[in-house]
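A look at the structure
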Amino acid sequence: MSKRRRRLYLYGLVAVFVLCLPLVMFYANGYRFQSGTGFVRTGGVIITVSKGDAVVSLNGAEVGTSGFLRHNFYVDNLSPGIYQVLVTREGDNPWHRTLIVEPELVTDAQAFLIPVEITSVRLVDASKVASSTATTTPHATYESYRKAFLPSSSTSTPLIALHKPVSEVVAVQSGDVTVLWTDPTTVPPSRFCLGPSSCGVEIPIETGKQTAVNAEFFGGGIVYATKEGGVFLKEIDVRPEPLSVQLYPVRGAEFRVVNGHLIVKDGTALYEITGL
Amino acid sequence: MNTQDTYWYLHVGRASELTGRDRVYYRLFEMLPGVLSIATLLLFVVLSFKLPVLAAYLTIIFAIYWLLKTIYLSAHLRHNFKRVRHNLSIDWNERLKNLAHQEVTHLVIFPFYTEGYEVVAESVRGLLSSQYDHKRIAVVIAAEERAGKAQRAVADRIAADFSTRFGAFIVTEHPAGIPGELAGKGSNISYAAEEARKRILDAAHIPYEKVIVSAFDIDTVVYPQYFSCLTWHFLISERPERTSFQPIPLYNNNIWEAPMLSRVIAYSSSFWQMIQQERPERLATFSSHAVPFKPLREVGYWQRNVVSEDSRIFWNLFVRYDGDYDVVPMAYPVSMDANVASNFWGTAKNIYLQHRRWTYGAENIPYILFAFLKNPRIPFGKKVRAAFVQIEGFWSLTTNPLVLFAVGWLPLIVGGRAFNATVLSYNLPLIAKGFLTVSLFGLVVSAAIAMQLVPERPREYSRFHSLMHLLQWILVPMTMVVFSAIPGLDAQMRLMFGRYLGFWVTPKSRKITAPEVA
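Just so it is clear, the structure is predicted and the values come from calculations on it, not from any experiment.

1. Examining the overall build of chain A
A count of helices and strands for chain A gives two helices and 24 strands. Computed over the C-alpha atoms, the radius of gyration of chain A is 26 Å, more than 25% above the 19 Å expected from 2.2 N^0.38 for a compact globule of 276 residues.

Okay, structure coming up:
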C-alpha cells in the first residue's frame, strides 16, 4: 500500500476516533436526543425478579416475562421522573413500586413476590401419636421448636436482630419495627433510597397503632408479631408501597424462626408457615 | 574511526555484560517494557477500585481504538494479500533476464539440532524444487556438537544424498560450551556463516558483495520462485548492502495435520507479518530472512548471546550503519511447520513456549535504547521513531488483549455501589461488547484470506476439515490472551527481573509425505 493511501487511512480513522469518542461517551452516560426536547440526560431502571413467569410492566407497558435465563429487566433511555412498576405472577400477590429516575443513574428494585395462598400447617409431635404419619414432626425437631418459645430460651427474640450483612439490623422499640443501616462508611442498598441519590438509614416496617413485640428477617422481608394483629410479613423498602401480608391473623400469636423454619405458636399449638 | 571501538556495544546481550553506568542504563532499559505493561494493567486495576468511572471511560476508549485499529490493520492485510497473490503469479525468472543475476550466489543456512532426517530432507528438497539454478545455491547444514553423534550422522547422510545437486554443500558442527554464547540458533548460524565464508566463498573466490544469505529454520521450505524473487529484489535495490529482505512465513508444511489451535496461531503470526510488510518502515527481520553477506560479516554475524537473533541482526545492522539500513518486504512466502505435538496439551505448551520466545524480542528494546544513547550519528528522528514503534508494539501486544478481555471489565466488579448505580456501568459492557463484536468481523477477512493461502486439502481429509478451517477463527479472542498477551507478559517480566530466557527449540516433526506447495 502506498504511503499516501496509508496516511489517508490513518488520518481518516483518527478523525473517526476524535468524532466518535465524545458521542460514545455521552451515549454511555445516558444522553439521548429526544425530538422536541433536544438532548436529555436519561436514567434507567432495573427490576430483579427471582421467580419465573412473572410479567414486568413499567408505566403500564409490558417490559417482559421472567424465565430461566432472564431475571433482570433493564430499561434505559428514561427521562427523569416518577415511574410505576408492576410485577404480576399467577398465584402471587401483585407487586407495585413507585420509583424515581434521576439523570445518569439507574434505580434498582427487587420484586418481592408473596403467594396469595399461605399455608399454616399444624405441627404434631411424632412421639405423641400412635403411628407416625407424613404430617407428624420428629420429636427432636418438635422439641426444638417448642423450646424456642420458652422464656429462658437463648433464642428468645432480642430487640435487635442482625442480618447478613450485619450492617442491616431490625429493631423493635416502643412497639415499632424499624430496619436500620448501621454502616456509615458504605452506601446503603437501594431499598433505603427514595431516589438513587437520596438515601436514608431507616426503613419503617410497623409504626402504626399496633404494638410489635418481635421481629426477624425472614423470606427476604421482615416477619413481625403484634399484640393485636398476629404475625405479619412485610417487604423491606422505603419506597411506596412495600408489600405487607398477614401470615397468621390471631391475636396474641407468637413466632420464632428456627433453623430457617417460621414457627407460630397459638396457645399451645405450633404451626409452621409454609409456601413463602 | 576505529570501528571496533566505536561500535564496541554492538553485540551486547544483557546488562550483566556491561559495567558501571552503562550497566545501570541497560538494566533500566531492560525493565522498561515490563514496567510499562504492568503499570498499564495495574493502572486499570487501581482505577477500577478508586475511580471506576475513569476506568470505564478508558475501557470504552480502548474498545473504540481496537475497532479502528482492526479496520486499519485489516486494510493492510488485504493489500498485502493482493500483493502476495500477484507476486506468486509473476515469473520472476523472466524479470531477471535483463539483470546480472548470474553473479549472485545464494548461501542458505539450515540450523539443525535434533530434527529427524525427513524434516531436514524436505527442506533441502524444497531448494531443489525451486525454479532457480541450483548451482548458484550453496547450502550449509549447521549441526550442533551438543546434539550428539547421531545428529551429525543425519547431517552427513543429508550431505551424501544431496550435496552434488548444489553449487556447494557443507556440514558445520558448532562446538559446544563456547564461553559467552547462548546455546541456540544465533550462535550456531554465526559459526556456520564464518565456516561458509572460509570453506565456500573464499575457496571459490566468490565476492562477498554478490552473496545473499538466507537464514532459515530447519523446517523452512521455499516456494518455487523464492530465490528468483529474492535475487530480483537484491539487484534492483537502491542500496543492496544496506538492505535485508523479509519473506512471509506461512506455516503450511503440516497445516492439515495441525490442530485448530495451532492453525489459528500460525495464521495469526503470518498475518501479522503480512501487515508489517505493508509498513516497511516498521519492519525488522523475523524468523526466516535474507541478508547480504558483506554487511552481515562486517557486523560480526548474528549475535551469539541473545534469543531473538533473527530480529537482533537487523538492529545490529541499523546501529552499525548509523540508521542507514532497511528491510525490504518481499511479499513472497516461505513455508514452515505449524506447532504440532502428540496431544492437545503438548501442542498448547509448545505454542506458549514458542510465543514466549518470539515476544522475548522485547529484549531488543534495551539494546536499541542503549545503542541510540551511544551512537550520536543516527538521526534523532529515526531514533525516536524506531524506539516508539518497538516500545508501543510490545506494550500493545501484552496490554491490549488483557484490557479488552479481562481488566477492562473490573469496574463492574469492584467499582462499588455508587458506580454500579450509574447508567455508565450498565452501558459499559453493552458498548464495549458492541465495538469488540464489530471488530470480530475482521476475522471474516482473516478466514477468507487463510482459505486462499492454505494448500489444497489432501484426500485423507474430508470437507469437514475445511469447514473447521473456517470456524477456527472464533478462537482468536482466547488465543490473543492466552498465547499472545500472557507469554508476552511472561517474557517481559523475565527481562524485568533479570531472569533471562534461554533458547527453546520448537519441536519439529512431520509425516513423511511431502507437503504440496500452493
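So that's the structure; there's more coming.
2. Some remarks on the overall build of chain B
The number of helices and strands found in chain B is 20 helices and eight strands. On C-alpha atoms alone, chain B measures out to a radius of gyration of 24 Å, which is about the 24 Å that the 2.2 N^0.38 rule sets for 518 residues. With respect to the principal axes defined by its C-alpha atoms, chain B has extents near 80 × 65 × 45 Å. Counting the 518 residues in chain B, one finds 49% classified as buried. Excluding contacts between residues fewer than 6 apart, the proportion of contacts in chain B whose partners are at least 24 apart in sequence is 83%.

3. Observations concerning the interface of chain B and chain A
Tallying the contact residues gives 22 residues for chain B and 22 residues for chain A. Of all elements in the fold, only helix 3 (52–89), helix 16 (416–420) and helix 17 (423–439) of chain B reach the threshold of two or more residues within the side of chain B that touches chain A. Residue contributions to the side of chain B that touches chain A peak at 11 residues, all from helix 3 of chain B. For the side of chain B that touches chain A, the per-class residue count stands at 16 nonpolar, four polar and two charged.

4. What to know about the sheet that holds strand 7 (residues 81–88) of chain A
Sheet strands line up and pair through hydrogen bonds in the backbone, either parallel or antiparallel. Residue and element names in this part refer to chain A. Taken in spatial order, the four strands make up an open sheet running 5-4-7-8, and their pairing is antiparallel. Every other strand in the sheet has two partners, leaving strand 5 (61–65) and strand 8 (95–101) as the edge strands with one partner each. Within the sheet, the average angular offset between the axes of one strand and its neighbour, ignoring direction, is 25 degrees. Direction of pairing for strand 7 relative to strand 8: antiparallel, over a ladder of seven bridges. Note on strand 8: the bridge partner recorded for valine 87 is tryptophan 95.

5. Topic: the domain arrangement of chain A
All names here are of chain A. According to the domain assignment, chain A consists of domain 1 (3–31), domain 2 (42–110) and domain 3 (119–274). The centre of domain 2, based on its C-alpha atoms, is set 27 Å off from the matching centre of domain 3. Elements with a contribution of two residues or more to the side of domain 2 that touches domain 3: strand 8 and strand 9 (106–110). Per-element tally for the side of domain 2 that touches domain 3: the top contributor is strand 8, with six residues. The class makeup of the residues in the side of domain 2 that touches domain 3 is six nonpolar, four polar and three charged.

6. Digging into helix 8 (residues 226–236) of chain B
Taken across its 11 residues, helix 8 of chain B has nine buried, putting it largely inside the fold. Looking only at helix 8 of chain B, the buried set comprises Tyr226, Phe227, Ser228, Cys229, Leu230, Thr231, Trp232, His233 and Phe234 of chain B.

7. Digging into the pairing of strand 22 (residues 254–258) of chain A
Residues and elements named next belong to chain A. Sheet topology note: the strand 22/strand 23 (residues 261–266) ladder contains five bridges and is antiparallel. Along strand 23, the bridge assignment pairs phenylalanine 255 with valine 264. The turn joining strand 22 and strand 23, which pair antiparallel and follow one another in sequence, is formed by two residues; a positive phi near 55 degrees is taken by asparagine 259.

8. Regarding the sheet that holds strand 6 (residues 72–78) of chain A
All names here are of chain A. Strands sit in the order 6-3-9 across an open sheet of three strands; the sheet is mixed. Of all the strands in the sheet, just strand 6 and strand 9 have a single pairing partner and so form its edges. The average angle at which neighbouring strand axes cross in this sheet is 15 degrees, direction not considered. For strand 3 (residues 43–48) and strand 6, the ladder comprises five bridges, and the chain directions are antiparallel. When the bridges of strand 6 are listed, threonine 48 appears paired with asparagine 72.

Cut-off values and rules
Residue indices begin from 1 for each chain and proceed along its sequence in written order. Numbering of ligands from 1 and lettering of chains from A proceed in the order in which they are written. Under the rules for a predicted model, residues below a pLDDT of 70 receive no local features and side-chain atom pairs below 80 are neither given nor counted, while totals for whole chains, interfaces and linings still include all residues. We count a stretch as a helix when DSSP gives it H or I for four or more residues in a row; a strand needs E for two or more, and each element gets its number in order from the N terminus. As a reference, a globule follows 2.2 Å times the number of residues to the power 0.38, and the radius of gyration itself is taken over C-alpha atoms. Three exposure classes are used, based on other C-beta atoms lying within 10 Å of a residue's own C-beta, which is placed from the backbone: buried for 20 or more, exposed for 12 or fewer, and partly exposed in between. With C-beta atoms placed from the backbone, a contact is any residue pair whose C-beta atoms sit within 7 Å. In the scheme used here, Gly and all other residues not listed as nonpolar or charged are polar, with Ala, Val, Leu, Ile, Met, Phe, Trp, Tyr, Cys and Pro taken as nonpolar and Asp, Glu, Lys and Arg as charged. Criterion used throughout: strands pair if DSSP finds at least two bridges between them. Orientation is described by lines fitted to C-alpha atoms, with helices fitted over the stretch in contact, and by angles between N-to-C directions that extend from 0 to 180 degrees. Marked domain ranges trace back to an automatic or database domain assignment.

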